[in-house]
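# Report on the structure
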Amino acid sequence: MSDLTPFQFSINPGRVVFGPGSSGQTADEIRGLGLARVLVLATPFQKRQAEDLSAALGPLSAGVFAEAAMHTPVDVTDRAMAAYEASGAEGVLALGGGSTIGLGKAIAHRNGAPQIVVATTYAGSEVTPILGQTENGIKTTVRGPGILPEVVIYDPDLTLGLPVAMSVASGLNAMAHAVEGLYAQDRNPVSSLQAVEGIRALRDALPVIVQEPEDRGARGEALYGAWLCGTVLGTVGMSLHHKLCHVLGGSFDLPHAETHAIMLPHTAAFNEVAAKEALAPAAALFGGSLGGGLHDFAGSIGAPQALKDLGLEEASLERATEIATKNPYWNPRPVEAEGIRALLQRAWEGSRPE
Ligand code: NAD
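Read on for a plain summary of the structure. (Residues numbered from 1 in each chain as written. Predicted model: local features only at pLDDT ≥ 70, side-chain atom pairs only at ≥ 80, totals over all residues. Heavy atoms only, no water.)

Once that is clear, we can look at the overall build of the protein. Along its length, the protein carries 13 helices and 8 strands. On C-alpha atoms alone, the protein measures out to a radius of gyration of 20 Å, which is about the 20 Å that the 2.2 N^0.38 rule sets for 354 residues. Dimensions of the protein, computed from C-alpha atoms along their principal axes, come out at roughly 60 × 45 × 45 Å. Within the protein, the proportion of its 354 residues that are buried is 54%. (Helix = DSSP H or I, 4+ residues; strand = E, 2+ residues; numbered from the N terminus. Rg over C-alpha atoms; globule rule 2.2 N^0.38 Å. Buried < 20%, exposed > 50% of the residue type's maximum accessible area, 1.4 Å probe, protein only.)

Right under this line is the structure:
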């Protein structure tokens with residue numbers, strides 16, 4: 001038996017309420033935090049859902065602000081702050097995915113507002129102390145305990161209408177947190193257990209959701225997996241995969257979840273060579289080869305598989321390689337321009353990783 005590698009383990013605080021119909025407990029959770037009223041946040045797309053929730057909350061709702069947008073633009077946060085102050089809210093209630101949760105975090109980062117999140121995608125932002133925001137086209141990331149939401153409600157019923165394409169891409173986005181968590185330098189035995197179980201749950205649930213989007217069992221399993229994968233993202237450091245997706249999203253404006261979905265098999269294959277032992281439990285879930293297995297799995301559930309299909313020009317791959325290799329960062333396998341350029345080429349074409 002080999003000795004356990006020494007580790008440090010900090011659990012992020014936060015309360016999770018999970019289960020079908022659990023959004024019906026939102027009022028109790030608001031009262032539980034001692035808040036008289038909260039401002040309900042959403043994207044324009046989920047405005048109706050937010051208004052319904054606001055109506056159900058009655059006097060506990062201070063109104064709806066439904067202008068959340070991808071990558072948390074600072075000008076949207078400015079308008080939300082004005083709405084928050086005018087409404088007399090004592091906290092925020094974010095209903096939605098990473099975009100809406102990002103807005104809630106941005107408000108909390110400025111004024112310390114307590115946050116309740118009703119999470120409706122698999123992206124995982126609700127359980128991380130990380131806020132990414134954009135101003136003048138530049139995305140910056142801040143981290144801090146005040147950014148972590150106090151309460152997260154996971155109600156699978158609210159995900160029944162998450163479009164299949166979005167479910168698939170978002171599910172692979174969640175898996176990517178767990179795959180990178182398995183080889184993170186600061187991983188610990190618990191984060192690795194969470195990672196493998198999160199990947200397992202999503203691997204089982206996503207094919208069922210593709211066939212039957214309103215399968216309540218599969219929706220519950222997927223959200224459970226998303227919680228675990230998000231927790232890994234919030235606990236340990238990420239490397240090559242998240243760095244490349246950050247470059248492709250930030251500098252080439254590619255969509256978040258789809259980019260993660262396309263890149264995952266390629267980054268997993270690249271790092272599998274150097275982190276075979278750490279990735280073995282995940283590889284076993286996909287027939288023994290993580291990169292190839294993930295590629296086949298993603299294809300079988302209809303995930304996007306080629307960067308060219310997101311509109312990225314082949315000529316942009318040089319620049320993407322340059323940006324992604326400019327500042328050194330830790331990765332289980334050295335990050336060198338030649339290898340990254342080849343990886344990006346395969347991801348652009350959508351070919352099976354070697
Ligand atoms: P999103 O929040 O942008 O949602 C995409 C669209 O789907 C939106 O229009 C949304 O309203 C809609 N939608 C969400 N849930 C739905 C549902 N159940 N039914 C119908 N429609 C629904 O997408 P996302 O992938 O969740 O989040 C992406 C953003 O989150 C990015 O900006 C990313 O950088 C950020 N993010 C941050 C972290 C972090 O830890 N800080 C983690 C993951 C993602």
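What follows deals with the sheet that holds strand 1 (residues 15-18). Backbone-to-backbone hydrogen bonds join strands into a sheet, with any given pair of strands oriented parallel or antiparallel. Read across the open sheet, the 6 strands follow the order 1-8-5-4-2-3; overall the sheet is parallel. Every interior strand has two partners, whereas the edge strands, strand 1 and strand 3 (61-65), have only one. Averaged over neighbouring strand pairs, the angle between their axes works out to 20 degrees when direction is ignored. As judged from the 4 bridges shared by strand 2 (residues 38-41) and strand 4 (residues 91-96), these two strands associate in the parallel manner. Looking across to strand 4, one finds that Leu41 is bridged to Ala94. Along the sheet face, helix 2 (residues 47-57) touches strand 2, strand 3, strand 4 and strand 5 (115-119) and points at about 175 degrees away from the line of strand 3. The strands that helix 3 (residues 74-87) touches are strand 2, strand 3 and strand 4; relative to strand 3, the one it contacts most, it runs at about 160 degrees. (Pairing = 2+ DSSP bridges. Axes fitted to C-alpha atoms, helices over the stretch in contact; angles between N-to-C directions. Contact = heavy atoms within 4.5 Å.)

Here we come to the site of the ligand. Neighbouring the ligand are 23 residues; Thr43, Ser99, Thr120, Thr121 and Thr128 lie closest to it. At 3.0 Å from an oxygen atom of the ligand is found a main-chain nitrogen or oxygen belonging to His71. Between Thr121 and the ligand, the recorded distance is 2.7 Å, taken from a side-chain N or O atom to an oxygen atom. In isolation the ligand has 860 Å² of accessible area, and contact with the protein removes 87% of it. At 3 residues, the largest contribution of residues to the shell around the ligand is made by helix 4 (residues 98-111). Residue classes in the shell around the ligand are distributed as 8 nonpolar, 13 polar and 2 charged. Shared between two domains, the shell around the ligand holds at least three residues of each, these being domain 1 (15-159) and domain 2 (165-349). (Near = heavy atom within 4 Å. Polar contact = N/O pair within 3.5 Å; in protein donor to acceptor, adjacent residues only side chain to side chain. Areas by Shrake-Rupley, 256 points an atom, 1.4 Å probe, with all protein chains shown as cover. Nonpolar A, V, L, I, M, F, W, Y, C, P; charged D, E, K, R; others polar. Domains from an automatic or database assignment.)

Positive phi, close to 70 degrees, is recorded for His71, a residue that is not glycine. In this structure, His71 sits in the loop between strand 3 and helix 3. Positioned with a positive phi, Asp253 is a non-glycine residue whose angle comes to about 60 degrees. With respect to the element layout, Asp253 can be found in the loop between helix 8 (240-252) and helix 9 (256-272).

We now examine the packing of aromatic side chains. How two aromatic rings sit relative to each other is given by the distance of their centres and the angle of their planes. By the definition in use, this model includes 3 aromatic pairs. Both rings, one in Phe18 and one in Tyr154, keep their centres 5.9 Å apart while their planes meet at 45 degrees; by these two values the pair is tilted. Of this pair, Phe18 sits in strand 1 while Tyr154 sits in strand 8 (residues 151-154), and the two are 136 residues apart along the sequence. Using a relative accessible area of 37% as the deciding quantity, one classes Phe18 as partly exposed. Note on Tyr224 and Trp227: the rings are 6.4 Å apart at their centroids and 50 degrees apart in plane angle, and the pair reads as tilted. You can see Tyr224 and its partner Trp227 sitting in helix 7 (residues 216-235), 3 residues apart, about one turn around the helix. For Tyr224, a relative accessible area of 25% translates into the label partly exposed. Here Lys308 stacks its cationic end above the ring of Trp348, 5.6 Å away from the centre of that ring. Of note, Arg333 hangs over the ring of Phe270, and the distance from its end group to the ring centre comes to 3.9 Å. (Phe/Tyr/Trp six-rings, centres within 6.5 Å; stacked < 30°, edge-to-face > 60°. Lys NZ or Arg CZ within 6 Å of the ring centre and 35° of its normal.)

The next subject is the pairing of strand 7 (residues 138-143). Among the 6 residues that make up strand 7, 0 are buried, leaving the element largely open to the surroundings. Direction of pairing for strand 6 (residues 130-135) relative to strand 7: antiparallel, over a ladder of 6 bridges. Residue Thr134 lies in a different strand from strand 7, and its bridge partner there is Lys139. Linking two consecutive strands that pair antiparallel, namely strand 6 and strand 7, is a turn of 2 residues; a positive phi of about 50 degrees is found at Asn136 within it.

This part takes up helix 8. Each α-helix winds once per 3.6 residues, and so residues spaced three or four apart point in a common direction. Look at helix 8: 17 Å from first C-alpha to last across 13 residues, which is about the 18 Å you get at 1.5 Å a residue. By the burial criterion, the buried members of helix 8 are Leu240, His241, His242, Leu244, Cys245, Val247, Leu248, Gly249 and Phe252. Where helix 8 is buried, its residues touch helix 5 (164-182), helix 7, helix 9, helix 12 (316-326) and helix 13 (337-349). Count one or two residues on from helix 8 and you reach Asp253, which has phi positive near 60 degrees. (Expected span 1.5 Å × (residues − 1).)

Let us now look at the environment of Arg341. Along the polypeptide, Arg341 turns up in helix 13. Residue contacts for Arg341: discarding those within four places in its chain leaves Leu317, Glu318 and Thr321.

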